[in-house]
Amino acid sequence: MKADLLALAAIALWGSLAPLGVRLAHIPPFLLTGLGLLVGSVIALPLAQWRLSRWKVPLPTLLVGIYGLFGFHFLLFMALRHAPAVEANLINYLWPLGMVVMAPLFLKGVSLHARHIVAALIGFAGAAIAILGRGGPAFAGDGFHAGYLMALASAFVWASYSLLTRRLPAFPTAAVGGFAAASGLLSLAAHALLEPSITLSTEDVVLIAILGLGPLGGAFFLWDAAIKRGDTRRIGLLAFATPILSTVLLLVSTGQPLQWNVALAATLVVGAAFWGSR
């Protein structure tokens, strides 16, 4: 139960990413990600009792952390550049399904039953309804194949990262601060190479701080703690709530009415998570 609550707290923070992203859409994505991750890494200081030595992990562990945090965002933002946003997001939200079905490949003693597969597919259907039901065209045209592949790769990266952390030598959750700091610096390097420079306003700085403390910071620490304590298959199913919550918060923040598809999607996701976790 504690692991589920930690995972749900991370999901709640990730749900705020879309509304914050709308407010900060004028900022280049790598700059936004880099600054957000660097702000998020500061959370690790009190967790480590203000001792950076607790961030120290073996090099393979650090590389896995960078692979997850930087690799996921890099591929996702590149996908959004080369494919329609709705379709790219839909493919990216395959990562909870990936956690469920790939768990036996990454973790010893974990078996996959037909119930898990069916529940994961139901949850993914709910995510698809929430995203595509807003009125966007579903995979219109026959282009943007490179972007679709990048979105699929980003989903694989986050699912595999979440599972790989269970196979690594034990490391404190505070060490995620090192992952975030290194990933943030790589994102800023990508910004310097690929994006134009801009001047941030005071409002931008405040919103970036909120972004870093929430979906690009605090969520990672909560997620790491949940993955270490709970059943990755059940947590993967709970993660299907992310696109649902994100869509609802986006509707509220923009003043749009609640649509039937969101209600139906929420029912499917909650039902799938309950059934698959039995």
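No experiment lies behind these values; they were computed from the predicted model shown.

Thresholds, definitions, all that
- Residues numbered from 1 in each chain as written.
- Predicted model: local features only at pLDDT ≥ 70, side-chain atom pairs only at ≥ 80, totals over all residues.
- Heavy atoms only, no water.
- Helix = DSSP H or I, 4+ residues; strand = E, 2+ residues; numbered from the N terminus.
- Rg over C-alpha atoms; globule rule 2.2 N^0.38 Å.
- Buried < 20%, exposed > 50% of the residue type's maximum accessible area, 1.4 Å probe, protein only.
- Contact = heavy atoms within 4.5 Å.
- Areas by Shrake-Rupley, 256 points an atom, 1.4 Å probe, with all protein chains shown as cover.
- Lys, Arg positive; Asp, Glu negative; His and termini not counted.
- Charge placed at Lys NZ, Arg CZ, Asp CG, Glu CD.
- Phe/Tyr/Trp six-rings, centres within 6.5 Å; stacked < 30°, edge-to-face > 60°.
- Lys NZ or Arg CZ within 6 Å of the ring centre and 35° of its normal.
- Expected span 1.5 Å × (residues − 1).
- Bend = angle between axes of the 7 residues up to and from the residue.
- Patch = residues over 30% accessible without salt bridge, like charges linked within 9 Å, V, L, I, M, F, W, Y side chains within 5 Å.
- Salt bridge = Lys/Arg side-chain N within 4 Å of Asp/Glu carboxyl O.
- Core = buried A, V, L, I, M, F, W, Y, C linked by side-chain atoms within 4.5 Å.

A. Just the overall build of the protein chain, in detail. Tallying secondary structure elements over the protein chain gives 14 helices and 0 strands in all. When the helices and strands of the protein chain are read in sequence order from the N terminus, they spell out α-α-α-α-α-α-α-α-α-α-α-α-α-α. Compactness check: the protein chain gives a C-alpha radius of gyration of 18 Å against a globular reference of 19 Å for 278 residues, within 12% of the reference. Along the first, second and third principal axes, the C-alpha atoms of the protein chain reach 45 × 45 × 35 Å. Classification of the 278 residues of the protein chain by burial places 49% in the buried group. A separation threshold of at least 6 residues defines the contact pool for the protein chain, and within that pool the share at least 24 residues apart is 89%. A total accessible area of about 12,500 Å² is found for the protein chain, and carbon and sulfur atoms account for 71% of it. Charge-centre separation for the protein chain: the mean point of 16 positive side chains lies 17 Å from the mean point of 8 negative side chains.

B. How the structure looks around the packing of aromatic side chains. Overall, the coordinates contain 12 aromatic pairs when judged by the stated rule. With a centroid separation of 6.2 Å and an interplanar angle of 75°, the aromatic rings of Phe-30 and Phe-77 are classed as edge-to-face. With Phe-30 in helix H3 (residues 29-41) and Phe-77 in helix H5 (residues 59-82), this pair connects stretches of sequence that are 47 residues apart. Ring-pair connections join several aromatic residues into one group, and the members of that group are Trp-14, Phe-72, Trp-95, Trp-158, Tyr-161, Phe-220 and Trp-223. Seen from the ring of Phe-171, Lys-228 lies directly overhead, with NZ or CZ sitting 3.8 Å from the centre.

C. Region of the structure containing helix H11 (residues 202-229). For H11, with 28 residues, the first-to-last C-alpha span of 39 Å sits near the 40 Å given by 1.5 Å per residue. A bend of about 45° at Gly-218 is the largest found in H11.

D. Structural context of the side chain of Ser-154. Note on placement: Ser-154 falls in helix H9 (residues 145-164). What Ser-154 contacts, discounting residues up to four positions off in sequence, is Phe-72, Leu-75, Leu-76 and Asn-92.

E. Region of the structure containing a nonpolar patch on the surface. Where nonpolar side chains cluster on the molecular surface, the patch consists of Met-1, Leu-5 and Leu-8 and spans about 340 Å² of accessible area. The class of Met-1 is exposed, set by a relative accessible area of 71%.

F. Structural context of the nonpolar core. Counting 53 residues, the largest nonpolar core has Trp-14, Leu-69, Trp-95, Trp-158, Phe-220 and Trp-223 as its most contacted members. Secondary structure elements with two or more residues in this core: helix H1 (2-15), H3, H5, helix H7 (95-106), H9, helix H10 (176-194), H11 and helix H12 (232-238). Dropping the residues within four chain positions of it, Trp-14 is found in contact with Trp-95, Trp-158, Pro-215, Ala-219, Phe-220, Trp-223 and Thr-242. Ranked by size, the runner-up nonpolar core spans 10 residues in total, among them Ala-119, Ala-120, Phe-240 and Ile-244.

G. Representation of the environment of Gly-218 within the structure. Here Gly-218 lies in helix H11. Residue classification places Gly-218 among the buried positions, given a relative accessible area of 11%. The residues contacting Gly-218, other than those within four sequence positions of it, are Leu-13, Ile-43, Gly-212 and Leu-213.

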